[in-house]
Amino acid sequence: MSAIVTSEDGQERCKWAASVPEFIDYHDTEWGFPVGDDIRLFEKLCLESFQSGLSWRTILAKRENFRRAFMGFDFNKIADFTDADITQLLSDEGIVRHRGKIEATINNAKKAQEVVTEMGSLAAYFWRYEPSSESMNEPQTQSTSDVSKAIAKDLKKRGWKFVGPTTVYAFMQAMGLINDHAEGCIIRAKVEKARQQFKRPQLP
């Protein structure tokens with residue numbers, strides 16, 4: 001079965017992008033383009049954690065609410081959240097009110113600070129795991145990989161929560177650590193060009 005579909009504008013895109021209208025812009029302008037900003041990386045990992053058991057459509061529709069509730073996903077601010085903040089978040093109908101995932105976000109913010117102290121940035125930490133293009137399978141044929149398993153294992157060892165191999169792989173796809181746009185998708189070449197021009201963050 002083909003992984004691409006012809007959209008209403010006549011362009012061929014990844015099949016998932018055409019499933020609902022709001023996915024088109026996300027697919028065309030965000031998904032797969034390389035990200036080196038710590039806040040955006042942390043945000044995406046948190047949102048992927050919240051998505052577990054739900055659809056990305058649900059999370060994308062609530063993304064601005066999540067950003068408001070979690071201080072723009074500034075992990076230095078989230079790390080200071082208290083029980084009172086958790087209570088407030090659990091009453092916020094604009095987000096996914098899951099105590100475990102909310103508490104995990106606060107916990108992970110503290111762990112993110114530790115990674116930054118050790119490695120200079122979250123970007124440097126994650127991008128050191130970038131797999132070679134030769135090691136990748138055909139796009140969109142897997143939901144985990146050896147690399148996503150390795151990252152998830154290391155994050156767990158560091159005390160992070162709700163970051164299993166599937167969550168991490170979705171994070172890798174979205175943040176451009178791999179180019180998982182389907183062959184024939186109009187955005188695949190744009191992402192590849194962006195990845196070639198992207199300056200990989202370095203460990204200190």
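All of the points below concern the structure found in this document.

What counts, and where the lines are drawn
As a convention, each chain's residues are numbered from 1 in the sequence order in which they are written. Local features in a predicted model are, by the rule used here, given only for residues with pLDDT of at least 70; side-chain atom pairs are given and counted only at 80 or more, and totals for whole chains, interfaces and linings are based on all residues. In computing side-chain properties, one takes all heavy atoms of the structure into account and sets aside hydrogens as well as water. Here a helix means four or more residues in a row that DSSP labels H or I, a strand means two or more in a row labelled E, and each is numbered from the N terminus. Radius of gyration means the value over C-alpha atoms here, while the globule rule gives 2.2 Å times the residue count to the 0.38 power. Shrake-Rupley sampling with a 1.4 Å probe provides the accessible areas, and residues are treated as covered by the protein chains on show and by no other component. None of His or the chain ends enter the tally, which takes Lys and Arg as positive and Asp and Glu as negative. Charge placement uses NZ in Lys and CZ in Arg. For Asp and Glu, CG and CD serve respectively. Side-chain atoms within 4.5 Å are what join buried Ala, Val, Leu, Ile, Met, Phe, Trp, Tyr and Cys residues into a set we call a nonpolar core. Under the scheme applied here, a residue whose accessible area is under 20% of the maximum for its type counts as buried, over 50% as exposed, and between as partly exposed, the area being computed with a 1.4 Å probe on protein chains only. Note on contacts: a residue pair is in contact if any heavy atoms of the two residues lie within 4.5 Å.

**So, the overall build of the chain**
And step 1. Secondary structure assignment for the chain yields 11 helices and 2 strands.
And step 2. Ordered by position from the N terminus, the helices and strands of the chain form the series β-β-α-α-α-α-α-α-α-α-α-α-α.
And step 3. Since a compact globule built from 204 residues should have a radius of gyration of about 17 Å, the 17 Å found for the chain is in line with a globular shape.
And step 4. For the chain, the spread of C-alpha atoms along the three principal axes comes to 50 × 40 × 25 Å.
And step 5. As displayed, the chain offers around 10,200 Å² of accessible surface, 48% of which is attributable to carbon and sulfur atoms.
And step 6. In the chain, the 28 positive side-chain charges and the 29 negative ones have mean positions that sit 3 Å from each other.

**Points about the nonpolar core**
And step 1. By size, the foremost hydrophobic cluster in this structure holds 52 residues, and its most contacted members are Phe 42, Phe 66, Phe 70, Phe 126, Leu 155 and Trp 160.
And step 2. Leaving out residues up to four positions away in the same chain, Phe 66 has contacts with Leu 47, Phe 50, Ile 59, Phe 73, Ile 95 and Val 96.
And step 3. Listed in part, the 7 residues of the second largest apolar core include Phe 33, Ala 182, Cys 185 and Ile 187.

**As for the environment of Phe 70**
And step 1. The topology assignment puts Phe 70 in the loop between helix H4 (63-69) and helix H5 (75-78).
And step 2. Residues Phe 70 and Trp 56, spaced 14 residues apart in sequence, show a C-alpha to C-alpha distance of 18 Å.
And step 3. Ignoring any residue separated from it by four or fewer positions in sequence, one finds Phe 70 in contact with Phe 50, Ile 78, Phe 81, Leu 89, Ile 95, Ile 102 and Thr 105.

**A short note on unusual backbone geometry**
Excluding glycine, most residues fall at negative phi; most peptide bonds, likewise, are trans.
And step 1. For Phe 73, which is not glycine, the phi torsion reads 60° and is therefore positive.
And step 2. By secondary structure assignment, the location of Phe 73 is in the loop between H4 and H5.
And step 3. In this structure, Phe 162 takes a positive phi of about 60° despite not being glycine.
And step 4. Note that Phe 162 resides in the loop between helix H9 (146-157) and helix H10 (165-175).

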